[in-house]
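Spelled out from the first residue to the last, the chains are:
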Amino acid sequence: MKLRFQKDALVNGINIVLKAVPSKTTMSILECILIDASGSEIKLTGNDMELGIETTVAGEILEHGKIALDAKLFSEITRRVSSESSAVVSIESDERFNTTIRCENSVFNIQGRDGEEFAYLPYIERDKYICLSQFTLKEVIQQTIFSISPNDSNKMMTGELFEVNGDTLRVVSLDGHRMAIRKIVLKDEYESTKVIVPGKTLNEISKILTGDNEKEVQIFFGANHILFEFDDTIVVSRLIEGEYFKVDQMLSSDYATKVSLNKKDFLDSIERAIILIRENDKKPIILNIEDSKMSLKLNSSFGTMNAEILIHKTGQDLMIGFNPKFLSDALRIIDDEEVTLYMMNAKSPCFIKDEDESYIYLILPVNFNAAAI
């Protein structure tokens, strides 16, 4: 095999597939990146058996072939062979998989492995799918991913529900303390489907997507896998098996207190309060809602923060406490200038949502001792 690339194209391709290379595995071949130049294009692949990424890289094929190279070593060498992004990198390997990487005055000789040993990405039927813009998918991931659970104690909570009904895609994430829902109207009608996509997969996809509104992503749904195709890249992920939580039963349109207020003022006050909290500190921020104002207070071992915000209130006065980070996470990714909170009482969930319910954020309140405020 003999190939030639521009350094920036090769490095970009490696960085994309590197996201699917496991840091630890009992199968050493999976610690490699597959270079496949057996056809008319040069494809790089990373695969940890749960998540696989394949991308096509522009380059010149002088001799066809395929080889697997240690991902970490390959990545380090190609990044450092030259400071010039347009420098030409050549990769040449013999029948024993001895590999030479050349660029300008640098020559590296490393040992590769037989590309036939590498685990190829699973085949997925392409009859069940949806199509949306890269911008929309990147945005919807960023607006929900913070609500998944970071640990595996409940597998369902480590993923997100993708639910398609006609021309609507609903994406849901929850971690037991809060829930994020985004509703997207698609350009066309599609077959109904419901799958749970691992959070890790969505995190990595959002890093690769350019966020271009003109470029599209096709998402194909298989029995056990999901495939995302965009630009020159394919991402295949195993789905989380099982029945997702009954989301609609957790939602309610009833409220006793409705509050509309300026999002920036609210978020700024909460983030000032967060300054006084250290990691693992579970001090709540207390909201005291009265006729035309909301008082915010937080007490911690480092000090006290008090603030007051003008509001439009409908319904009853209310004093309620929240984890300030949960409020901050939700508010930070809402684009509206004004947000509306719907609450029943100090022990029931708070809903932050717009009129069309294109976004809904549910946050459970926390108990606090009113006497200590």
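What you are looking at is a predicted structure, and each value in this text was computed from that prediction instead of being measured.

Participant: Teacher, can you tell me more about the packing of aromatic side chains here?
Facilitator: Within a pair of aromatic rings, the relevant descriptors are the distance that separates the centres and the angle that separates the planes. This structure, assessed with the given rule, holds 6 aromatic pairs. Here Tyr244 and Phe245 contribute two aromatic rings whose centre-to-centre distance is 5.2 Å and whose plane-to-plane angle is 70 degrees, an arrangement assigned as edge-to-face. Residue Tyr244 is classed as buried on the basis of its relative accessible area of 7%. In this structure Phe245 comes out as partly exposed when scored by relative accessible area, which is 24%. Relative to Tyr342, the ring of Tyr255 lies with its centre 5.3 Å away and its plane at 70 degrees, an arrangement referred to as edge-to-face. Here the residue Tyr255 occupies a position in the loop between helix 5 (247–250) and strand 17 (257–262), and Tyr342 occupies one in strand 23 (residues 338–343), the gap between them amounting to 87 residues. Among the aromatic side chains, those forming a connected cluster through ring pairs are Tyr129, Tyr190 and Phe220. Taking the ring centre of Phe220 as reference, the NZ or CZ of Arg126 above it sits at 4.9 Å.

Participant: What is the right way to look at the sheet that holds strand 3 (residues 42–47) in this model?
Facilitator: The pairing of strands in a sheet comes from backbone hydrogen bonds and takes either a parallel or an antiparallel form. Strand order in the open sheet formed by 9 strands is 10-6-2-3-4-16-15-14-11, with antiparallel pairing between adjacent strands. In the strand order of this sheet, the two ends are held by strand 10 (113–114) and strand 11 (129–133), each with one partner. Pairing of strand 3 with strand 4 (residues 51–57) involves 6 bridges; the strand directions are antiparallel. Bridging across to strand 4, Thr45 finds its partner in Glu54. Contacting strand 2 (32–37), strand 3, strand 4 and strand 16 (233–238), helix 1 (residues 7–17) runs over the sheet at an angle of about 165 degrees to strand 4. Contacting strand 11, strand 14 (216–221) and strand 15 (225–230), helix 3 (residues 134–142) crosses the sheet at an angle of about 95 degrees to strand 11.

Participant: Got a minute to help me understand a negative patch on the surface in this structure?
Facilitator: Where like charges cluster on the molecular surface, the negative patch consists of Asp335, Asp336, Glu337 and Glu338. Tracing the backbone through its elements, the reader meets Asp335 in the loop between helix 7 (324–332) and strand 23.

Participant: Would you mind showing me how to read the environment of Lys282 here?
Facilitator: Of note, Lys282 is situated in the loop between helix 6 (263–274) and strand 18 (285–289). For the pair formed by Lys282 and Val172, sequence separation is 110 residues and the distance between their alpha carbons is 25 Å.

Participant: I'm lost on the pairing of strand 9 (residues 106–111) in this one. Help?
Facilitator: Look at any regular strand and the pattern is simple: side chains alternate between the two faces of the sheet. Note: strand 8 (residues 98–103) against strand 9, 6 bridges, orientation antiparallel. Bridge pairing links Asn98 to Gln111 in strand 9. Joining the antiparallel neighbours strand 8 and strand 9 is a turn of 2 residues, in which Glu104 adopts a positive phi near 50 degrees.

Participant: Sorry, what's going on with the sheet that holds strand 13 (residues 178–198) here?
Facilitator: One open sheet holds the 7 strands; their spatial order is 12-13-25-24-23-17-21, and the pairing between them is antiparallel. Two strands bound the open sheet, and with one partner strand each, they are strand 12 (159–174) and strand 21 (312–315). On average, each strand axis in the sheet is tilted by 20 degrees relative to the strand beside it, whichever way the strands run. Note that strand 23 and strand 24 (residues 350–353) share 2 bridges and pair antiparallel. Its bridge partner lying in strand 24, Tyr342 is registered against Phe351. Relative to the sheet, helix 3 contacts strand 12 and strand 13, its axis offset from that of strand 13 by approximately 155 degrees.

Participant: Whenever I open this one, the pairing of strand 4 confuses me. Can you help?
Facilitator: Of all 7 residues making up strand 4, 6 are buried, and the element is well covered by its neighbours. Here strand 3 folds back onto strand 4, and the loop between the two strands holds 3 residues, one of which, Met49, carries a positive phi near 80 degrees. As judged from the 5 bridges shared by strand 4 and strand 16, these two strands associate in the antiparallel manner. The residue of strand 16 that forms the bridge with Thr55 is Thr233.

Participant: Quick question: what am I supposed to make of the pattern of salt bridges here?
Facilitator: When the charged atoms of two side chains lie near each other, side chains of opposite charge can form a pair. For the structure on display, the rule yields 28 salt bridges. In this structure, the salt-bridge partner of Arg170 is Asp248, at a minimum N-O distance of 3.0 Å. A residue pair is termed long-range when its members are at least 10 positions apart, and Arg170 in strand 12 and Asp248 in helix 5 qualify at 78 residues. Arg170 gets classed as buried once you look at its relative accessible area, which sits at 16%. The salt bridge partner of Lys353 is Glu357, with a shortest N-O separation of 3.3 Å. Given the relative accessible area of 10%, Lys353 is considered buried.

Participant: Where do I start with the nonpolar core in this structure?
Facilitator: Side chains that are nonpolar tend, in soluble globular proteins, to be buried together. Core analysis: the largest hydrophobic core is formed by 58 residues, its most contacted members being Ile35, Leu137, Ile219 and Phe228. Here this core takes 5 residues from strand 13, the largest share from any one element. For Leu137, the contacting residues outside a window of four places in its chain are Leu132, Phe162, Ile205, Leu209, Val217, Ile219 and Phe228. Counting 36 residues, the second-largest nonpolar core is a separate cluster that includes Ala180, Ala273, Met305 and Cys350.

Definitions and cut-offs
- Residues numbered from 1 in each chain as written.
- Predicted model: local features only at pLDDT ≥ 70, side-chain atom pairs only at ≥ 80, totals over all residues.
- Heavy atoms only, no water.
- Phe/Tyr/Trp six-rings, centres within 6.5 Å; stacked < 30°, edge-to-face > 60°.
- Buried < 20%, exposed > 50% of the residue type's maximum accessible area, 1.4 Å probe, protein only.
- Helix = DSSP H or I, 4+ residues; strand = E, 2+ residues; numbered from the N terminus.
- Lys NZ or Arg CZ within 6 Å of the ring centre and 35° of its normal.
- Pairing = 2+ DSSP bridges.
- Contact = heavy atoms within 4.5 Å.
- Axes fitted to C-alpha atoms, helices over the stretch in contact; angles between N-to-C directions.
- Patch = residues over 30% accessible without salt bridge, like charges linked within 9 Å, V, L, I, M, F, W, Y side chains within 5 Å.
- Areas by Shrake-Rupley, 256 points an atom, 1.4 Å probe, with all protein chains shown as cover.
- Salt bridge = Lys/Arg side-chain N within 4 Å of Asp/Glu carboxyl O.
- Lys, Arg positive; Asp, Glu negative; His and termini not counted.
- Charge placed at Lys NZ, Arg CZ, Asp CG, Glu CD.
- Core = buried A, V, L, I, M, F, W, Y, C linked by side-chain atoms within 4.5 Å.

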